[in-house]
Structures are given as structure tokens and as C-alpha cells.
Amino acid sequence: MFAEGADVYIDDITKLIPLTNGNIRTAVDTGCGVASFGAYLLKRDILTMSFAPRDTHEAQVQFALERGVPAMIGIMGSQRLPYPARAFDLAHCSRCLIPWSKNGKASLYHIVLFLSLYMYIY
């Protein structure tokens, strides 16, 4: 997933979004493997909740949880996720195959609802 490594990928994101100034404290990651992005963001003091897109990723979610990286199976099209509005500062989706514009853009609406006032979507 990260052709040049996760740190280089995150450094590229930092060129667009200020990840190092303390404004970004929490992130939601949809479909980026399972928790690999979140594990690298922990080093930068950003707590990331990773959502596995399918039930078939159960073993990967367990692997992440055993290593202290927050992860869960969360199928946004069929369940309301258990987080209040403005719970996250950043939303990240990389090759996640979520149909953001389908079903009246319901998935996109749910992610925007979870974002704080900064509303960074990458």
C-alpha cells in the first residue's frame, strides 16, 4: 500500500495537512489495510480508529488490537458507527473502495458528521 513506506506517505500528507502542530489529535481510517496507517500515526501522537471494510478482515482487526492499535469492523453502509459528532479531526481513505457518492452520499455524510471543525478528508 505504501510504495515508499508509511513514513514517507505521512510526510507527503503533512505537506497538505498540518499533522504536526497539534490540531489533529484523532483520525478515522477507512479501508487502509487494517490499522497500518493508524500504527504509524501513533508515533506522531495522533490516535486513529481504523475500520476494516469487510467481515473477512476479522483476523487483521484482532492482530491490530493485540498490538494496541484501535481497529474495528465497521461497514458504514449497513450500520451507524458508535461515535458522536465531531469525534475525529481527520478522515483518511486510501484504496478503500467505499462508494462515497452512492445511496444519496450516505457514507460521505456519516464521515463528515464525525469530523471536527477542521474537516480534513484525505
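Scroll up to find the structure this text is about.
From a predicted model like this one, the values you see are computed outputs, not experimental measurements.

Along the backbone of the chain there are 4 helices and 5 strands. For the chain, the proportion of its 122 residues judged to be buried stands at 39%. Taking as baseline every contact in the chain between residues at least 6 positions apart, the subset at least 24 positions apart corresponds to 60%. When the accessible area of the chain is evaluated, it comes to approximately 7,000 Å², of which 55% is carbon and sulfur surface.

Here the structure, examined in full by the defined rule, presents 6 salt bridges. In this structure, Asp7 and Lys43 form a salt bridge, with 3.2 Å as the shortest nitrogen-oxygen distance. Here Asp7, found in helix 1 (residues 6-16), pairs with Lys43, found in the loop between helix 2 (36-42) and strand 2 (47-52); they are 36 residues apart in sequence, far enough to count as distant. For Asp7, a relative accessible area of 29% translates into the label partly exposed. Classification of Lys43 as exposed rests on a relative accessible area of 55%. In this structure, Asp12 and Lys15 form a salt bridge, with 3.4 Å as the shortest nitrogen-oxygen distance. Linking Asp12 with Lys15, this pair stays in helix 1, spanning 3 residues, or about one helical turn. Taking relative accessible area as the criterion, Lys15 reaches 69% and is therefore assigned exposed. Members of the salt-bridge network, linked through shared partners, are Asp7, Asp11, Lys43 and Arg44.

Of note, Thr26 is situated in strand 1 (residues 26-30). Residue Thr26 is classed as buried on the basis of its relative accessible area of 19%. With 15 residues separating them along the chain, Thr26 and Leu41 place their C-alpha atoms 9.5 Å apart. In this structure, Thr26 is in contact with Ile46, Leu47, Ala87, Phe88, Asp89 and Leu90, ignoring residues within four places of it in sequence.

Glancing now at the packing of aromatic side chains. Enumeration over the complete set of coordinates arrives at 1 aromatic pair. Centroid distance Tyr9 to Phe37: 6.1 Å. Interplanar angle 75 degrees. Geometry classified as edge-to-face. In this pair, Tyr9 is assigned in helix 1 and Phe37 in helix 2, connecting sequence segments 28 residues apart.

So, how was this worked out
Residues numbered from 1 in each chain as written. Predicted model: local features only at pLDDT ≥ 70, side-chain atom pairs only at ≥ 80, totals over all residues. Heavy atoms only, no water. Helix = DSSP H or I, 4+ residues; strand = E, 2+ residues; numbered from the N terminus. Buried < 20%, exposed > 50% of the residue type's maximum accessible area, 1.4 Å probe, protein only. Contact = heavy atoms within 4.5 Å. Areas by Shrake-Rupley, 256 points an atom, 1.4 Å probe, with all protein chains shown as cover. Salt bridge = Lys/Arg side-chain N within 4 Å of Asp/Glu carboxyl O. Phe/Tyr/Trp six-rings, centres within 6.5 Å; stacked < 30°, edge-to-face > 60°.

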